[in-house]
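Geometric and topological summary
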Amino acid sequence: TSAALTLLGGSVAAVVVWKWLGKKMIQKKMEEARRTRDEGLKKMAKAVQQFREQVPSVQTDAILSLPLLGLTERLREGSLSPKNVLYTYLEKVSALEVNQQTNCLRHFITECEEQLQKIQQQKQKGLLYGIPISIKDHIGHKGHLSTCGLVQYLDTVMKEDSVLVKVLKRQGAIPFAMTNVPQSLFSYDCSNPIFGQTLNPFNHQKSPGGSSGGEGALIAAGGSILGIGSDIGGSIRLPSSFCGLCGLKPTAERLRWVLDQRGCAEGWTIVWHILLHHVSIWSCPTPVPCAMGPMARDVDSLALCMRALLCEEMFQLDPTVPPIPFNGEVYCSSTPLRVGYYDTDGYFPLPPCMRRAVKETRSALQAAGHQLVPFSPPRIPHVMTELFMKTFYADGGRAWLDVFTGNIVDPSLKAQVNTCKIPRVVKKLLALLLKPLQFLLLKLKDVIVIYTCSSVKEMWNHHHQIQAYRSEFITRWKELHLDVVLCPILGPAFTTGYPGKLLTAISSTMLYNVLNFPAGVVPVSTVTEADEEELKLYQGCCDDPWDRTLKQAVSGAVGMPVAVQCVALPWQEELCLRFMKEVETLSREK
């Protein structure tokens, strides 16, 4: 007995020591990653200082105030040099008011100086000649990490540029920064244990949104003029809404990612972004695909970026991308539009200011000669629970849990991670017990307990249901002879920490990922004192804990951006952008 107790005690002690050593190793890796980032930022600051000593007369304010179209024109005609523009933006980023206050950068791309030299030697100037551009953390750039906020990827350096980066460089752009993301990318906050929490530049108590939150914060703070994000549930559109930017989620296949050097797909599989490191896109269907898209300060910038990306270089490097060049005629058209609209999807009622934005935009469009038609998206509770959630938690969350092996879980994700850890038998029991209460539990962020696929047959049936819903939605759209749809977007910016408490509040964006429709966000207003007063009366669906949590999340937002969402049918990005431009023009006139 004594020997057995001694053996047991020794085993327990060994396990404790092993776990302690594992945590120490994780902490060491994270500290090294932060140190590397800080050294890169110091190099950036030093390079800026040297440039300033050589060229003290650069008019930085004049350069920073130029919109993208004006900047490209000045660069192409030669009245501005790419070097002056690059170092002006580097100086802005390294200044206190951008990165040190928002923590939006994950890494400075030191090779930007090499790219600067390269474009100046090119015979032809691309559409983005000399434009400094920022990219989201997980977009592959040669010589840099693609971490997704996870410790296990701190040792994996990209051996080559992703196709998107190659095309951007060929068009003359200069990638200069990689931006922060939430851990595993499955959050619309922007925090991870390695690089910390990113903050909204307009209010440091607020989140910039996610998962492209670093992009949102950097562009909104003036540190970048154009960025590239990705979107599987709103990851481009939510940061655009929270930070007052324009952002476009295209039809996923319009800018599809391709194979990286590890033989894995830099795209989306059946679970979400992070599995691009593990599963080939060719091995299984993608019922809710990930989309890549641009983020900027105005719609013309998005259109220019899409025009630049949809080129022969893209079509040759990735033959899976349909060779459809950007249709400038559609974008520049002035034909009156037939616009469907709604200010609530009936699933998660949004704050009063977001509904006000839709109503005011509807009135402005009508006054401008467009035809407005009420539109009601069908069966949103079914979309959220049976289609969207079941896609991501088809296996009960096991694949997602795997990516946290050897990681410290960020506080914003702990509730979701702990829910996924509930044994399968318990989940089935809960599903049975909670079935009668399904309507009351629709907004429950831990809905993943219930909605899983138990067999391959059920999974294929689930894929069929998504296709059937897309057909149903398009049929309703066509019956009303709509060109586009105007609808709300979640906002204003949440206080940090709240997105993790309200996962299913993003039904307004998730819908168009399930449908795979192009959708964009345009800021049209700001939160007023009257909005804040009206928020006090907000009760949501039934004044339940989730409605009250939403009220807490968005309160104290006077002066923060308020946006609307613009949607078109698949492959009609140009029409979507044309509608966004119309909304932007009318809101600015107002």
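Named according to an unreviewed UniProt entry, the chain is Fatty-acid amide hydrolase 1 originating from Rhegmatorhina hoffmannsi. Quoted straight from UniProt, the Sequence similarities (unreviewed entry) entry for the chain says "Belongs to the amidase family."

1. Section: the overall build of the chain
Broken down by element type, the chain carries 22 helices and 13 strands. Accessible surface, the chain: about 23000 Å² in total, of which carbon and sulfur atoms supply 56%. For the chain, the distance from the average position of its 62 positive side-chain charges to the average position of its 54 negative side-chain charges is 5 Å.

2. Quick notes on the UniProt feature "binding site: substrate" (unreviewed entry) in the chain
Under the local residue numbering, the UniProt record ascribes the feature "binding site: substrate" (unreviewed entry) to Leu 185, Ser 211, Ile 232, Gly 233, Gly 234 and Ser 235. Across 51 residues in sequence, these annotated residues keep their C-alpha atoms within 11.3 Å of one another, forming a single compact spot. Mapped onto the elements of the fold, Leu 185 is located in the loop between β3 (174–179) and β4 (191–192). Overall, Leu 185 belongs to the buried group, its relative accessible area being 2%.

3. Overview of the environment of Ser 146
Secondary-structure assignment places Ser 146 in the loop between β2 (132–136) and α7 (163–170). Exposure remark for Ser 146: the relative accessible area of 3% places this residue in the buried category. Residues Ser 146 and Asp 318, 172 residues apart in the sequence, show an inter-C-alpha distance of 20 Å. Only 3.2 Å separates the side chain of Ser 146 from the backbone oxygen of His 138, close enough to count as a polar contact.

4. Considerations on the UniProt feature "active site" (unreviewed entry) in the chain
UniProt annotation of "active site" (unreviewed entry) refers to Lys 136, Ser 211 and Ser 235 when read in the numbering used here. Spanning 100 residues, the named residues nonetheless gather at one spot, since no C-alpha pair among them exceeds 10.8 Å. With respect to the element layout, Ser 211 can be found in the loop between β5 (196–197) and α8 (213–220). A polar contact is formed between the side chain of Ser 211 and the side chain of Lys 136, at a distance of 2.6 Å.

5. Some thoughts on α8
Counting buried positions over the 8 residues of α8 gives 7, a clear majority of the element. The complete set of buried residues in α8 reads Gly 213, Gly 214, Glu 215, Gly 216, Ala 217, Leu 218 and Ile 219. Of the residues flanking the end of α8, it is Gly 222, one or two places downstream, whose phi is positive at about 90°.

6. A few points about the packing of aromatic side chains
Within this structure, the stated rule accounts for 15 aromatic pairs. On the numbers, 5.6 Å between centres and 80° between planes, the contact of Phe 473 with Phe 517 is edge-to-face. A residue pair is termed long-range when its members are at least 10 positions apart, and Phe 473 in helix α18 (residues 456–479) and Phe 517 in the loop between α19 (507–515) and β12 (519–526) qualify at 44 residues. For Phe 473, a relative accessible area of 0% translates into the label buried. Linked through ring pairs, Tyr 342, Phe 375, Tyr 469, Phe 473, Trp 477, Tyr 512 and Phe 517 together constitute an aromatic cluster. Above the face of the Tyr 498 ring, Lys 501 is positioned so that its terminal group lies 4.3 Å from the ring centre.

Conventions used here
- Residues numbered from 1 in each chain as written.
- Predicted model: local features only at pLDDT ≥ 70, side-chain atom pairs only at ≥ 80, totals over all residues.
- Heavy atoms only, no water.
- UniProt positions renumbered as here; feature names shortened; annotations may be inferred.
- Helix = DSSP H or I, 4+ residues; strand = E, 2+ residues; numbered from the N terminus.
- Areas by Shrake-Rupley, 256 points an atom, 1.4 Å probe, with all protein chains shown as cover.
- Lys, Arg positive; Asp, Glu negative; His and termini not counted.
- Charge placed at Lys NZ, Arg CZ, Asp CG, Glu CD.
- Buried < 20%, exposed > 50% of the residue type's maximum accessible area, 1.4 Å probe, protein only.
- Polar contact = N/O pair within 3.5 Å; in protein donor to acceptor, adjacent residues only side chain to side chain.
- Phe/Tyr/Trp six-rings, centres within 6.5 Å; stacked < 30°, edge-to-face > 60°.
- Lys NZ or Arg CZ within 6 Å of the ring centre and 35° of its normal.

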